[in-house]
Amino acid sequence: MKQITLIVFLLCSVLAVAQEIKEETTEAYKKRVLETTEVDYLMSYYTQDGVNAAVTGGIGTEELTDLTPTIVVSVPLNDDDILAIDAGISAYTSASSSNVNPFDGDGPANPFVASTGASENDVLTTISGTYSHSSDDRNTIWSANLAVASEYDYFSLGFGGGYTRLFNQKNTEVSITANVFLDTWNAIYPSELRSLPRFVPFEDESRNSYSLGLGFSQIVSKKAQVSLSLDLIRQEGLLSTPFQRVQFVDVEDIIVQEFTIADDVERLPDVRFKIAVGGRLHYYINEIVTVRTFYRFYTDDWGISSHTTSIEVPIKITDKLTIYPSYRFYTQTAADYFAPFNQHLSTQEFYTSDYDLSDFDANQYGFGVSYTDIFTNLQVWKLGLKSVDLRFRQYERDSGLSSSLFSGGFNFVVE
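The model shown is predicted, which means the values in this text are computed figures rather than measured ones.

Caption draft 1: Representation of the overall build of the chain. Scanning the chain from N- to C-terminus turns up 1 helix and 22 strands. On C-alpha atoms alone, the chain measures out to a radius of gyration of 24 Å, which is about the 22 Å that the 2.2 N^0.38 rule sets for 415 residues. Based on the C-alpha atoms only, the size of the chain along its principal axes is roughly 80 × 45 × 40 Å. Every one of the 415 residues in the chain was classed for burial, and the buried ones make up 44%. Taking the contacts inside the chain whose residues are at least 6 apart along the sequence as the reference set, 62% of them involve residues at least 24 apart. Of the accessible surface of the chain, which amounts to about 21,500 Å², a share of 60% is contributed by carbon and sulfur atoms. For the chain, the centre of its 29 positive side-chain charges and the centre of its 55 negative side-chain charges are spaced 11 Å apart.

Encoded structure:
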């Protein structure tokens, strides 16, 4: 309730500032980057299930549900400047993370049965702000951002900025972005390891991430636009998840009730470097159909390489209604440090049984519906409804993980 109250307070404050700006501005007219304050209300519901939970060493239930309401308020401070405030709450229930302590439930401990302890539920609260400025000719845009996120065992502070330049009568665009995230864990370990003298906890519970992104976009004809991107990311610090178990094949198993006790927690290198190169092609076939394609190649120094391809075909049913069928394929190789349940050796330096770092293929099928009313005929209080976007995505991984995502967005303008 405290987080919800904070978000409502921020929303009301920003709307009040927007109204003052609207009433008091007396400058000579110039086309604004954003004509009036806009409010986006976003909501998503995510559910998944599988049989390879990393919390229990690579076997066990991966059942999880997550509900995420978010409010984004974009305020034109003047003709050239925009302030956007993004506040959200992610409330989840996880059967796998409940087994951080599998012995505090009502029945026998079992990796395929959720415990009922305190770690079953959690709330992630996020808030971020972005300030952007456009030049008078609208060919130069720079921005700065600040973000904070917090949950019971994790805190993150992020900041960064970006620069965009448009050329060739705005047909060509280049951009650069840079961000830093400073994260801190409050490490929670599997319950059976906490009191063992032989168990060695992590000394450093911080993690820093640095990212640099380069972008290029070109309108090549009246019907086609292409874009390219390069992302470089370096992470250092605690890159392991402290409550994810590992069992060793050369150490005799200890089974309590129906649960195999951990031999250690996941241990991964404290540095990771990632590179991603991507490209998009958007092609306008006619007034009804457009094709949007995407490809990305990713590699890192942990041994993972991946390929992502996707296609989305917006189909305009009427002037206001558009549908969005889509498909996405993803494939990756396994990290050098991955092995399934009870297959690592105790002599190894690094090890994980997290199937997110395994070799797998995945397919995602999606469908969306978008309604747009530029005249905002429907009014809600002082807000005019500009657009509604509803989407569904179904994800299937060949390791057995399956998930569904329902999402919706409502865009309002302040009248």
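More follows now that the structure is in view.
Caption draft 2: Representation of the confidence of the model for the chain in the model. Chain-level pLDDT for the chain is 91 on average; 92% of the residues reach the 70-or-more range. Low pLDDT, under 50, characterises residues 1-28; the stretch is placed with 30 contacts to residues that sit more than four places away or in other chains.

Caption draft 3: Expanded view of the pairing of strand β2 (residues 64-76). Among the 13 residues of β2, 10 are classified as buried, and the element is accordingly described as predominantly covered. Relative to strand β3 (residues 81-94), β2 runs antiparallel, the two being bridged by 11 bridges. Opposite L64, over in β3, you have S94 as the bridge partner. Two successive antiparallel strands, β2 and β3, enclose a turn made up of 4 residues.

Caption draft 4: Inspection of the nonpolar core at higher detail. Formed by Y154, W185, A187, Y189, L193, F199, F202, L238, A262 and V265, the largest nonpolar core amounts to 10 residues. For L193, the contacting residues outside a window of four places in its chain are F199, A262, D264 and V265.

Caption draft 5: Representation of the side chain of R207 in the model. Among the structural elements, R207 can be located in strand β8 (residues 206-219). Only 3.4 Å separates the side chain of R207 from the side chain of Y154, close enough to count as a polar contact. Setting aside chain neighbours within four positions, we find R207 in contact with Y154, F181, L182, D183, W185, Q235, E236, G237, L238 and L239.

Caption draft 6: How the structure looks around the environment of D270. Among the secondary structure elements, D270 is positioned in the loop between β13 (264-265) and β14 (271-284). Given the relative accessible area of 51%, D270 is considered exposed. Placed 63 residues apart in sequence, D270 and R207 show a C-alpha to C-alpha distance of 8.6 Å. Residues within four places of D270 in sequence aside, it is in contact with Q235, E236, G237 and L239.

Caption draft 7: Structural view of the pattern of salt bridges. Applying the stated criterion across every chain yields a total of 13 salt bridges. We note a salt bridge from R138 to D80, for which the minimum N-O separation is 2.7 Å. One end of the pair, R138, is in the loop between β4 (121-134) and β5 (140-151); the other, D80, is in the loop between β2 and β3, with 58 residues separating them in the sequence. Judged by relative accessible area, R138 falls into the buried class, the value being 18%. For D80, a relative accessible area of 12% gives the class buried. Where D300 meets R272, a salt bridge forms, and the shortest distance between an N and an O atom there is 2.7 Å. Residue D300 is found in strand β15 (residues 290-300), and its partner R272 is found in strand β14; the two are separated by 28 residues along the sequence. Residue R272 is classed as buried on the basis of its relative accessible area, which comes to 11%. A network of salt bridges, in which partner residues are shared, links R292, E312, D389 and R391.

Caption draft 8: The pairing of β8, seen in detail. Where strand β7 (residues 172-185) lies against β8, 13 bridges are found, and the strand directions are antiparallel. Its bridge partner being in β8, S175 is matched across the sheet by G215. Across 13 bridges, the pairing between β8 and strand β9 (residues 224-237) is antiparallel. Residue I219 lies in a different strand from β9, and its bridge partner there is Q225.

Caption draft 9: Summary view of the layout of surface pockets. When its volume is computed, the second largest pocket comes out at roughly 290 Å³. Lining the second largest pocket are 19 residues, and of these S310, I311, E312, S326 and R391 lie nearest its centre. Breaking the lining of the second largest pocket down by element, the ones donating at least two residues are β14, β15, β16 (305-312), β18 (321-332), β19 (360-372) and β21 (383-397). Of the residues in the lining of the second largest pocket, the class split is 6 nonpolar, 7 polar and 6 charged.

Caption draft 10: Representation of unusual backbone geometry within the structure. Although it is not a glycine, K170 adopts a positive phi angle of roughly 65 degrees. Its location among the elements puts K170 in the loop between β6 (154-167) and β7. A positive phi angle is found at N342, which is not glycine, with a value near 60 degrees. In this fold, N342 is placed in the loop between β18 and β19. For N342, a relative accessible area of 16% gives the class buried.

Cut-offs used in this document
Residues numbered from 1 in each chain as written. Predicted model: local features only at pLDDT ≥ 70, side-chain atom pairs only at ≥ 80, totals over all residues. Heavy atoms only, no water. Helix = DSSP H or I, 4+ residues; strand = E, 2+ residues; numbered from the N terminus. Rg over C-alpha atoms; globule rule 2.2 N^0.38 Å. Buried < 20%, exposed > 50% of the residue type's maximum accessible area, 1.4 Å probe, protein only. Contact = heavy atoms within 4.5 Å. Areas by Shrake-Rupley, 256 points an atom, 1.4 Å probe, with all protein chains shown as cover. Lys, Arg positive; Asp, Glu negative; His and termini not counted. Charge placed at Lys NZ, Arg CZ, Asp CG, Glu CD. pLDDT = per-residue confidence, 0-100. Pairing = 2+ DSSP bridges. Core = buried A, V, L, I, M, F, W, Y, C linked by side-chain atoms within 4.5 Å. Polar contact = N/O pair within 3.5 Å; in protein donor to acceptor, adjacent residues only side chain to side chain. Salt bridge = Lys/Arg side-chain N within 4 Å of Asp/Glu carboxyl O. 1 Å grid on protein atoms, 1.4 Å probe; cavity = no way out; pocket = protein on both sides within 12 Å on 5 of 7 lines; lining within 4 Å. Points joined across faces, edges and corners; volume = space filled by probe spheres on them. Nonpolar A, V, L, I, M, F, W, Y, C, P; charged D, E, K, R; others polar.

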